[in-house]
Amino acid sequence: MKMYLTPMPNSRLTRRSFGGALAGAMALAILPRAAAALDDASARALIDRAVGEVHEIINSGRSEARMLTDFEGIFTRYADVTTIARTTLGAAARQATAAQMSAYTRAFGIYLSHKYGRRFREFIGARIEVTGSRPLKSFYEVRSVAYLQGEAPFELLWYVSSASGRDLFFNIVIEGVDLLNSERIEMGAMLDRRRGDLDAMIADLRARG
Amino acid sequence: MPRLLFIPRVSVPFLAALLLAGCGVREMPSGIFDPYETANRETHAFNVALSGVLAGAAGGDSALPEPVLKVAANFAGNLGLPNKIFNSLLQGRVEPAVMNTLRLLVNTTFGVGGLFDAAGTSFGLPEHYTDFGETLYVWGVGEGAYIELPIIGPSTERDAFGRVIDVFIDPLGAVLTVHQHNKVRLIRLTGNTAGNLRYAGSVTAILNESADSYAQARLIYLQNRRFALGATSDEDVFDPYAQ
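Residues numbered from 1 in each chain as written. Chains lettered and ligands numbered in written order. Predicted model: local features only at pLDDT ≥ 70, side-chain atom pairs only at ≥ 80, totals over all residues. Heavy atoms only, no water.

## Remarks on the overall build of chain A
When you go through chain A residue by residue, the secondary structure sums to nine helices and five strands. For chain A, the N- to C-terminal ordering of α and β elements is α-α-α-α-α-α-α-β-β-β-β-β-α-α. Across chain A, contacts joining residues at least 24 apart in sequence account for 57% of those joining residues at least 6 apart. Entry remark: accessible area of chain A is about 7700 Å², with carbon and sulfur atoms responsible for 49%. (Helix = DSSP H or I, 4+ residues; strand = E, 2+ residues; numbered from the N terminus. Contact = heavy atoms within 4.5 Å. Areas by Shrake-Rupley, 256 points an atom, 1.4 Å probe, with all protein chains shown as cover.)

Here is the structure:
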């Protein structure tokens, strides 16, 4: 497929570019380790620092392969990859063995960070400003505005939880579209292609990473 | 909960999470009603093929320059404003109707008949998008099933019906002859396609790489449309840590 037009006329998102937005969001995803004390000011400071850190990677002039490894590290430290991976696998996670889950989680983490890391060129010059946070269900919703070069600003939501024992983000929402749902569908489709064979699917996932 | 500093201490929530992980997995509700999936997937395959042809025509080596696409999109957008103003009024929303009216006036005059988006760039008056599908939502009509329309792409029964109605209620129809109005429709269609081509690249990348571009397009449309309509609530937010 070369190009697919998705007219979502009421969507500022499509006009902004979902890919670029999500890429920027994921790559800039550094969140506080101390969400218990999360407030507007500390969240803003931490994400500002994150933006700087990601820019450092982007502007480092390192090889793309090296940059992808750096992005991988950011995901490992700041995202609840275990929960994201388990959720995206859905019902299949129930039948999976511990060894399969561990292999899947590792492959998924690499796939996710590389998927968005590869699009780093789109968020050169990006800026994210935290505008506030509020408790939502069992976690925190951190609101921010993303400014990508040449695009109108758009709202970015981060879901941060301390339920894993550390304060980590587990979802990112851009104009209603969320990462967890999108990857759940993606993983489901990959598993269907292998007719439910998890080991084969994990091998495919590794190949995509 | 006490502040956890750097050392990932084993906390009660952590143990609880471990137990939960052992007991099973909370599944995300899909929020998708797609009884016509088989037919929709056929339409999707057609749309994908068509988009490839369009991309070859407009996005290939002989690509139309970005400013041309932008001007075409601006012009078409301006001609679509009367219908948006009318829909805002049908929804009982005066403010967006007023903003879009100002936008129409500014862009038709300073924007040289709508070729340039003077209102958006110099007057802080971005377009407030709306359509009859939204009007139906405001009036309490349900979303209906998901549909992928030929050429147009993702939609729902409510939005598809809204699109048909929008063709007939366009206030421009009242002041133009049928022949003139048909020209306007053609310009809007062409211009909107030009606008889509400008942004298609990034959405394309996501869909291109996907194992199931149909399902991704469906999710993106439904989630984004519900968000734009204000049809989502905190209750709908998925919490993987909840018991």
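## Some thoughts on the nonpolar core
All names here are of chain A. Judged by nonpolar contacts, the single largest core of 60 residues is most densely connected at Leu89, Tyr104 and Phe108. For this core, the element with the highest residue contribution is helix H7 (residues 98–117), accounting for eight residues. Residues within four places of tyrosine 104 in sequence aside, it is in contact with Ala85, Thr88, Leu89, Met187, Met201, Ile202 and Leu205. (Core = buried A, V, L, I, M, F, W, Y, C linked by side-chain atoms within 4.5 Å. Buried < 20%, exposed > 50% of the residue type's maximum accessible area, 1.4 Å probe, protein only.)

## Here we look at the confidence of the model for chain A
All names here are of chain A. Looking at chain A as a whole, the pLDDT averages 78, with 74% of positions reaching at least 70. For chain A, helix H1 (residues 12–16) is the element with the lowest average pLDDT, namely 47, and helix H9 (residues 198–208) is the one with the highest, namely 96. Across residues 1–12 the pLDDT falls below 50, and counting only partners more than four positions away or on other chains, this stretch makes 55 contacts in the model. Segment residues 27–37: pLDDT under 50, and 47 contacts once partners within four positions in sequence are set aside and those in other chains are kept. (pLDDT = per-residue confidence, 0-100.)

## Details of the sheet that holds strand E3 (residues 154–161) of chain A
Pairing is antiparallel in the open sheet, where five strands are placed in the order E1-E2-E3-E4-E5 (chain A). Each end of this open sheet is capped by a strand with a single partner; those strands are strand E1 (127–136) and strand E5 (177–178) of chain A. (Pairing = 2+ DSSP bridges.)

## A word on the layout of surface pockets
If you add up the space inside the second largest pocket, you get close to 770 Å³. Sorting the residues of the lining of the second largest pocket by element identifies E1, strand E2 (139–147), E3 and strand E4 (168–174) of chain A together with helix H10 (213–229) of chain B as the ones contributing at least two each. Sorting elements by how many residues they give to the lining of the second largest pocket places H10(B) first, with five residues. (1 Å grid on protein atoms, 1.4 Å probe; cavity = no way out; pocket = protein on both sides within 12 Å on 5 of 7 lines; lining within 4 Å. Points joined across faces, edges and corners; volume = space filled by probe spheres on them.)

## Here we look at the side chain of A:Glu186
Within the secondary structure layout, A:Glu186 lies in helix H8 (residues 179–193). Given a relative accessible area of 1%, A:Glu186 falls into the buried group. Here the side chain of A:Glu186 touches B:Ser210 through a polar contact of 2.7 Å, side chain to side chain. At a separation of 3.1 Å, a polar atom in the side chain of A:Glu186 contacts the side chain of B:Gln216. Filtering out sequence-adjacent residues up to four positions away, A:Glu186 remains in contact with A:Tyr111, A:Arg208, B:Glu209, B:Ser210, B:Ala211, B:Asp212 and B:Gln216. (Polar contact = N/O pair within 3.5 Å; in protein donor to acceptor, adjacent residues only side chain to side chain.)

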